[in-house]
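Fold and contact review
What follows is each chain in one-letter form.
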Amino acid sequence: MQWETVIGLEVHLQLATQSKIFSGSPIAFGAEPNTQASAVDLAMPGMLPVLNEQAVRMAVMFGLGIDAEIGMRSVFDRKNYFYPDLPKGYQISQFSDPIVGRGEFEIQLEDGRTRQIGITRAHLEEDAGKSLHEDFHGMTGIDLNRAGTPLLEIVTEPDIRSAAEAVAYLKALHSLVTYLGISDGNMAEGSMRCDINISLRPPGQAAYGTRAEIKNVNSFRFVERAIRHEVERQSDILEDGGKVVQETRLYDAERDETRPMRSKEVANDYRYFPEPDLLPVVIDDAYVAAIRETLPELPTAKRHRFMEQYGLSAYDANVLADSRELADYYEAAVGACGDAKIAANWVQVELLGQLNKAELGIGASPVSAADLGGLIARILDNSISGKIAKQVFEAMWNGEGSADEIIKARGLQQVSDSGELEAMVDEVIAGNSAQVEQYLAADEGKRKKLLGFFVGQVMKVSRGQANPQMVNQLLAKKLH
Ligand code: ADP
Ligand code: MG
């Protein structure tokens, strides 16, 4: 049977605050173990948490970014469980009254279709520390640098229907939070970690099937693979007439498989209760309105504007609006050349192609938007052909100067002088008399093809610099 896949995602997003959510410790990545853990983070007796306002502000920014209900009065709760990297014996989180309520998020699929994904809630919480199992001669070390790092947990409705949609959602989320500047979104460093809830059901059935939860998947590629494996595993069970058990599973990237971690039946009872050391967070309309004022144009709005203003396809608009830097670059290049479509092509194919190869971000591009626009302008005014432009681009990439400087220095100017071109055409016709005879004997259809041969020869003689349109016209005329 063809089962329908049902997925809900829980993303733990690390907020880009200066300091931890309940202490003044810094949260820089990669510091020596326990050098960024204060008495509060170590849970020394008598230490009290103080809420970081920047974390609240960032959570509200996110809520506004997905048009969610903002929790004007939110509450911190204790989530109790025992683990060596959690010295308090509980995690401060939000349970009954989260700071961000129900919202809606538009995602864009590869094929240009869009889908609305319901956001159930997003709440603030602190991260735990980390157990280190390496290099301790059989013992485990505890690093509390990460303890108390502010997280926003973002929970979706079970609205996602495939691995591709899950990845599209995560990419869109990544794009949103980096636009907002509330997270660096760095998955490799754990700034964005994803739990995948997944179940199958027969098509047409309203009730959801039993789900498994795959914990802590930390790259787009692994999300895709983990889902594919889990769908296969569950459908095998169902095909055999078995039942999926509700459990937590782990994705092992090295072995490329999911395996059980713990079953939900014996899962912890977290005994949530309100955190007595923190007051409820009460914010007012003026606070929210002031934050709204600071929001930039967000990816969805930009994507739609790119489609309307520049006539881009949904796919192109999605790629170019993915980050603020790229979108700004693109618009600057359009400004410099005046052609939105050709600029979209050059940015996506040549520029992003080279940047990806060199593993560089758009911010580190050796070719500026103005320079790329300048190059495109030379194609548009027929100074150079598209083919020559690729050569010029490469030279620009290698730091040889602007398009105009390179064209001049290398003598790449397109030949549009009819006298010069005529001489080349004559030369080619004289040197290929057999083909000329063939051409004259051929019918209309065949002639077209043969003409291509002559054009190619002239381009060769001109080292790619002849104006192809003029060559075509001249050849047609001369051969007749
Ligand atoms: P928990 O309390 O175990 O975290 P929640 O009800 O909060 O469970 O749901 C967690 C996530 O699981 C949400 O993203 C939700 O959309 C998703 N989810 C719930 N039921 C299913 C299901 N049957 N199949 C797939 N995802 C589900
Ligand atoms: Mg959960």
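Below is a short write-up of the structure. Values in this document were obtained by computation on a predicted structure and should not be read as measured data.

Rules of the game
Residues numbered from 1 in each chain as written. Chains lettered and ligands numbered in written order. Predicted model: local features only at pLDDT ≥ 70, side-chain atom pairs only at ≥ 80, totals over all residues. Heavy atoms only, no water. Phe/Tyr/Trp six-rings, centres within 6.5 Å; stacked < 30°, edge-to-face > 60°. Helix = DSSP H or I, 4+ residues; strand = E, 2+ residues; numbered from the N terminus. Lys NZ or Arg CZ within 6 Å of the ring centre and 35° of its normal. Near = heavy atom within 4 Å. Polar contact = N/O pair within 3.5 Å; in protein donor to acceptor, adjacent residues only side chain to side chain. Areas by Shrake-Rupley, 256 points an atom, 1.4 Å probe, with all protein chains shown as cover. Nonpolar A, V, L, I, M, F, W, Y, C, P; charged D, E, K, R; others polar. Axes fitted to C-alpha atoms, helices over the stretch in contact; angles between N-to-C directions. Parallel < 35°, antiparallel > 145°, perpendicular 65-115°, else oblique. Left-handed = near helix turned anticlockwise from the far one by under 90°. Contact = heavy atoms within 4.5 Å. Expected span 1.5 Å × (residues − 1). Buried < 20%, exposed > 50% of the residue type's maximum accessible area, 1.4 Å probe, protein only.

1. Quick word on the packing of aromatic side chains
Throughout the structure, instances matching the rule amount to 13 aromatic pairs. When the centroid spacing of 6.0 Å and the interplanar angle of 70 degrees are considered together, the rings of Tyr 81 and Tyr 270 count as edge-to-face. Residue Tyr 81 is found in the loop between strand S3 (77-80) and strand S4 (90-93), and its partner Tyr 270 is found in the loop between strand S13 (257-263) and strand S14 (273-274); the two are separated by 189 residues along the sequence. An angle of 85 degrees between the planes, with centres 6.2 Å apart, marks the rings of Tyr 439 and Phe 454 as edge-to-face. Highlighted residues: Tyr 439 in helix H13 (residues 433-441) and Phe 454 in helix H14 (residues 444-461), separated in sequence by 15 residues. Ring-pair connections join several aromatic residues into one group, and the members of that group are Tyr 81, Phe 95, Tyr 270 and Tyr 272. Directly above the ring of Tyr 270 sits Lys 79, whose terminal nitrogen or CZ lies 4.4 Å from the centroid. Sitting over the face of the ring of Phe 220, Lys 171 holds its NZ or CZ atom 5.6 Å from the ring centroid.

2. Focus: the site of ligand 1
Taken together, 15 residues lie around ligand 1, and Thr 156, Pro 158, Asn 197, Ser 199 and Gly 209 are the ones closest in. Contacts to ligand 1 include Pro 158, whose backbone N or O atom sits 3.1 Å from an oxygen atom. Interatomic distance of 3.2 Å between a side-chain N/O atom of Asn 197 and an oxygen atom of ligand 1. Look at ligand 1: alone it shows 560 Å² of surface, and the protein chains cover 69% of it. For the shell around ligand 1, the secondary structure elements donating two or more residues are strand S1 (4-14), strand S9 (150-156) and strand S10 (192-201). Take the shell around ligand 1: its biggest share by element is four residues, from S1. For the shell around ligand 1, the residue count by class is six nonpolar, five polar and four charged.

3. Overview of the packing of helix H1 (residues 53-65) against helix H2 (residues 163-180)
At a closest axis distance of 10 Å, the pairing of H1 and H2 adopts a crossing angle of 125 degrees. With respect to H2, the axis of H1 lies oblique. Note that H1 runs across H2; the crossing there is right-handed. Along its contact with H1, which presents Met 61, Phe 62 and Gly 65, the element H2 presents Leu 173, Leu 176, Val 177 and Leu 180. Considering only residue class, the contact of H1 with H2 consists of six nonpolar, one polar and no charged.

4. Some words on the packing of helix H12 (residues 418-431) against helix H15 (residues 468-479)
Remark: H12 packs on H15, axes separated minimally by 10 Å, with the N-to-C direction vectors making an angle of 55 degrees. Of the possible angle classes, the one that applies to H12 and H15 is oblique. For the crossing formed where H12 meets H15, the hand is right-handed. Between H12 and H15, the residues in contact are Ser 418, Leu 421, Glu 422, Val 425, Asp 426 and Ile 429 and Met 470, Val 471, Leu 474, Leu 475, Lys 478 and Leu 479, respectively. In the contact of H12 with H15, the residues fall into eight nonpolar, one polar and three charged.

5. Overview of H12
Given a rise of 1.5 Å per residue, 14 residues ought to cover 20 Å, and the 20 Å separating the end C-alpha atoms of H12 matches this to within 8%. Those residues of H12 that are buried are in contact with H13, H14 and H15. One side-chain oxygen of the residue at the start of H12 lies 2.9 Å from the amide nitrogen of Gly 419, identifying that residue as Asp 417.

6. Some points on the side chain of His 12
By secondary structure assignment, the location of His 12 is in strand S1. A relative accessible area of 14% places His 12 in the buried class. Side chain to side chain, His 12 and Glu 153 meet in a polar contact 3.1 Å long. Other than its neighbours up to four places away in sequence, His 12 contacts Glu 125, Leu 151, Leu 152, Glu 153, Ser 191, Met 192, Arg 193 and Asp 195.

7. Brief notes about unusual backbone geometry
Positioned with a positive phi, Asp 67 is a non-glycine residue whose angle comes to about 55 degrees. Structurally, Asp 67 is set in the loop between H1 and strand S2 (73-74). A positive phi angle, close to 55 degrees, is found at Asn 216, a residue other than glycine.

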